[in-house]
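Examining the three-dimensional arrangement
Here is what each chain is made of, one letter per residue.
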Amino acid sequence: MISFELSEEQKALRDVARDFAKNEIIPKAAEYDKNATFPIDILKKAFEVGFLNQAVPESYGGGGLSNLDAVILNEELAYGCIGFSTSLMVNDLALSPILIAGNNAQKEKFFKMFTKEYTTGSFCLTEPNAGSDVAGLQTKAEKKGDYYILNGTKTFITNGTYAKLYTVFATLDPTQRHKALCCFAVEKCDGITVSKKEDKMGQRCSDTVQIVFNNVKVPQENLIGKEGEGWLIAMKTLDKSRPLVSAGSIGLARRAMECARDYAKERVAFGKVIAEYEAIQFMLANMAKGVEAARLLAWKAAWLLDQKLPSTHISSMAKCFGTDHAMQTTIDAVQIYGGYGYMKDYPVEKLMRDAKLLQIYEGTNQIQRLVIARELLKANFY
Ligand SMILES: Cc1cc2nc3c(=O)[nH]c(=O)nc-3n(C[C@H](O)[C@H](O)[C@H](O)COP(=O)(O)OP(=O)(O)OC[C@H]3O[C@@H](n4cnc5c(N)ncnc54)[C@H](O)[C@@H]3O)c2cc1C
């Protein structure tokens, strides 16, 4: 039986998150965007409310949320500011490899590090010359006795300045590509330096930096999974995180749609409010139907993950469809505001800048289409 009804707990989670976005995030979002201020004060409040470490099991002090719960929560937080929800979501992204492949000792140590007090984490996959081509990464892991020595550079790392734990993907042998990838939990230590802070178009309150790992000594017990399992761990992590990116894009699109609708009901041109013109109504209708469709995809992807069913292609569809829709919605919202939409005095200018990143990170939308096509060519989905 199919039900689209949320449980009472899920409705309560959604309502608390909606209030949090309204009272804690929205009042500061424009200023934090302007000054590129990392929202550590709001993140600490979110930690107190229990919005961080969503996927960490309750037995380790985490939220123990299902994937569907996390999607519901992230839509609401992203409605407030997607830069904020990205900062929050990346904490879970950093912990996901440990959830997926970590042993009990690693879970005990690293989950508790995050659940005892507010702690920031980073997920370090991308390199200056290896973004979409993950298997081409060059950061080297060399085994020396009971340690691995890491050397390399990771780029566009969210939360990198503030992280106390870095989940780092490195290779034992770059010529072996995906077969030699390993995943490590790396605690902040000497040898890890921030070499560049990025000045971004959008999502400006999120922290994005380049990080150099120079002879960083990582104890062998910090290897997540086994040697050579890094590729699989990274892919499973991204399958899990893409519905959350989709949820973020739905929250952002919903915000742009509501702003555009409210503006269209007030702005008068040629003696009528512009909401009465069909050209405006068609843009609003496209926004609304896309939000609904994107949400169904995100919920389905999350549900599949919760049922431990194959979710790769639906996760990619949710990410690709939701983020493309958010981009188009914000472009149309700016159009509905006319010249005012282009000005920083109004909210939709920020939403349009913020939306662009959604089509790029966590696998570009070209890569999502490749994943969907590969799965479709391999087997019939239906
Ligand atoms: C603000 C920001 C935050 C980020 N945060 C993180 C983070 O926390 N951790 C992390 O590890 N990474 C992070 N990233 C990196 C992000 O995931 C990569 O930027 C993304 O995967 C694309 O890699 P790239 O930038 O190297 O582009 P490239 O891989 O060089 O791609 C360039 C273009 O070519 C296209 N392309 C590449 N290969 C193909 C192909 N086979 N077929 C068709 N088209 C192709 C791409 O779609 C894109 O349009 C972040 C990026 C940004 C901008």
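Our structure is the block above this text.
In this text, all values refer to a predicted model and were calculated from it rather than measured experimentally.

**Concerning the overall build of the protein chain**
Per the secondary structure count, the protein chain includes 10 helices and 10 strands. For a compact globule of 382 residues, the expected C-alpha radius of gyration is about 21 Å, and the protein chain comes in at 21 Å, within 12% of that figure. Across its three principal directions, the C-alpha atoms of the protein chain cover 80 × 50 × 40 Å. The buried share among the 382 residues of the protein chain stands at 54%. Put simply, of all contacts in the protein chain between residues at least 6 apart along the chain, 74% involve residues at least 24 apart.

**What to know about the pairing of strand S5 (residues 181–187)**
The buried fraction of S5 is high, at six of seven residues. One ladder, built from seven bridges, connects strand S4 (residues 165–171) with S5; its direction is antiparallel. Looking at the pairing, phenylalanine 169 lines up with cysteine 183 of S5. Bridge count for S5 against strand S8 (residues 223–224) is two bridges, and the pairing is antiparallel. Within S8, the position partnered with phenylalanine 184 by the bridge is leucine 223.

**Quick notes on the site of the ligand**
Among the 18 residues in the neighbourhood of the ligand, the closest are listed as Thr126, Ser132, Phe156, Thr364 and Gln366. Between the ligand and serine 132, the relevant distance is 2.6 Å, taken from an oxygen atom to a side-chain nitrogen or oxygen of the residue. Between a nitrogen atom of the ligand and a main-chain N or O atom of phenylalanine 156, the distance comes to 2.8 Å. Bound to the protein, the ligand loses 65% of the 970 Å² it would expose on its own. When contributions to the shell around the ligand are tallied by element, the ones reaching two or more residues are strand S3 (147–158) and helix H10 (365–378). Residues belonging to the shell around the ligand are distributed by class as follows: nine nonpolar, seven polar and two charged.

**Here we look at helix H7 (residues 278–306)**
In an α-helix, one full turn covers 3.6 residues, which means residues spaced three or four apart are oriented alike. For H7, built from 29 residues, the straight-helix expectation of 42 Å at 1.5 Å per residue is met to within 8% by its first-to-last C-alpha distance of 42 Å. Positive phi shows up at lysine 308, right after H7, with a value of about 60°.

**Overview of the packing of aromatic side chains**
Within the structure shown, the criterion is met by 11 aromatic pairs. Centre to centre, the rings of tyrosine 60 and phenylalanine 111 are 5.3 Å apart; their planes meet at 75°, and the pair counts as edge-to-face. Placement of the pair is tyrosine 60 in the loop between helix H2 (40–49) and helix H3 (67–80) and phenylalanine 111 in helix H5 (residues 104–116), with a sequence separation of 51 residues. Look at tyrosine 263 and tyrosine 346: their rings are 6.5 Å apart centre to centre, the planes differ by 80°, and that puts the pair in the edge-to-face class. Of this pair, tyrosine 263 sits in helix H6 (residues 230–264) while tyrosine 346 sits in the loop between helix H8 (312–337) and helix H9 (348–358); the two residues are 83 residues apart in sequence, bridging distant segments of the chain.

**Observations regarding the environment of lysine 164**
With respect to the element layout, lysine 164 can be found in the loop between S3 and S4. Here lysine 164 falls in the partly exposed class, since its relative accessible area comes to 42%. Apart from the residues within four sequence positions on either side, lysine 164 is in contact with Met113, Glu117, Thr119, Thr120, Val186, Glu187 and Lys188.

**Considering the packing of H8 against H10**
Where H8 contacts H10, the axes come no closer than 9 Å and their chain directions differ by 145°. Note on packing geometry: the crossing formed by H8 with H10 is left-handed. Note on element contacts: H10 touches H8 through Asn365, Gln368, Arg369, Val371, Ile372 and Glu375, opposite Thr312, His313, Ser316, Met317, Lys319, Cys320, Thr323 and Asp324.

**Description of a nonpolar patch on the surface**
On the surface, a cluster of nonpolar side chains totalling about 450 Å² of accessible area is made up of Tyr340, Tyr342, Met343 and Tyr346. As for its position among the elements, methionine 343 is in the loop between H8 and H9.

**With respect to the side chain of threonine 171**
By the secondary structure assignment, threonine 171 is in strand S4. If near-sequence neighbours (up to four positions away) are discounted, threonine 171 is found in contact with Leu137, Gln138, Thr139, Lys140, Ala141, Ala180 and Leu181.

**Considering the packing of helix H1 (residues 8–35) against H2**
Close contact between H1 and H2 brings their axes to 11 Å; oriented N to C, the two are set at 170°. Here H1 lies roughly antiparallel to H2, going by the angle between them. Only Asp41, Ile42, Lys45, Ala46 and Val49 of H2 make contact with H1, whose side of the interface consists of Val16, Phe20, Glu24, Ile25, Lys28 and Tyr32. Looking at side-chain class alone, the contact of H1 with H2 contains seven nonpolar, no polar and four charged residues.

Each value, and the rule that gives it
Along each chain, the written sequence defines residue order, and numbers are assigned to residues from 1. Per-residue local features of the predicted model are confined to residues with pLDDT of at least 70, and side-chain atom pairs are confined, for both listing and counting, to 80 or more; whole-chain, interface and lining totals are unaffected and use all residues. In computing side-chain properties, one takes all heavy atoms of the structure into account and sets aside hydrogens as well as water. Helix and strand assignments follow DSSP, with helices taken as H or I runs no shorter than four residues and strands as E runs no shorter than two, numbered in order from the N terminus. Both definitions apply: the radius of gyration is a C-alpha atom measure, and the globule rule equals 2.2 Å times residues to the power 0.38. Note on exposure labels: buried denotes an accessible area under 20% of the residue type's maximum, exposed denotes more than 50%, and partly exposed covers the range between, all computed with a 1.4 Å probe on protein chains only. In what follows, a contact means two residues having at least one pair of non-hydrogen atoms within 4.5 Å. Strands pair, by our definition, only if DSSP identifies at least two bridges between them. Throughout this document, a residue counts as near a molecule or strand when at least one of its heavy atoms sits within 4 Å of that molecule or strand. N or O atoms within 3.5 Å of each other form a polar contact, as long as, within protein, one can give a hydrogen and the other can take it, and as long as residues adjacent in sequence are counted only when both atoms are side-chain atoms. All accessible areas in this document rest on Shrake-Rupley with a 1.4 Å probe, and a residue is counted as covered only by the protein chains that are shown. Classification used: nonpolar for Ala, Val, Leu, Ile, Met, Phe, Trp, Tyr, Cys and Pro, charged for Asp, Glu, Lys and Arg, polar for all others including Gly. A helix's residues, less one, multiplied by 1.5 Å, set its expected span. Ring pairs shown here join Phe, Tyr and Trp side chains whose ring centres sit within 6.5 Å, with only the six-membered ring taken for Trp; geometry is labelled stacked below 30 degrees between planes, edge-to-face above 60, and tilted in between. All axes are obtained by fitting lines to C-alpha atoms, using only the stretch in contact for helices, and the reported angles, taken between N-to-C directions, cover 0 to 180 degrees. Crossings are classed by handedness, with left-handed meaning an anticlockwise turn of the near helix from the far one by less than a right angle and right-handed meaning a clockwise turn. Nonpolar side chains (Val, Leu, Ile, Met, Phe, Trp, Tyr) within 5 Å and like charges within 9 Å form the patches, drawn only from residues with over 30% relative accessible area and no salt bridge. For this document, the term salt bridge refers to a Lys or Arg side-chain nitrogen within 4 Å of an Asp or Glu carboxyl oxygen. Reported orientations rely on four angle classes, namely roughly parallel under 35 degrees, roughly antiparallel over 145, roughly perpendicular from 65 to 115, and oblique for the rest.

Keep in mind that these numbers describe shape and distance, not what the molecule does.
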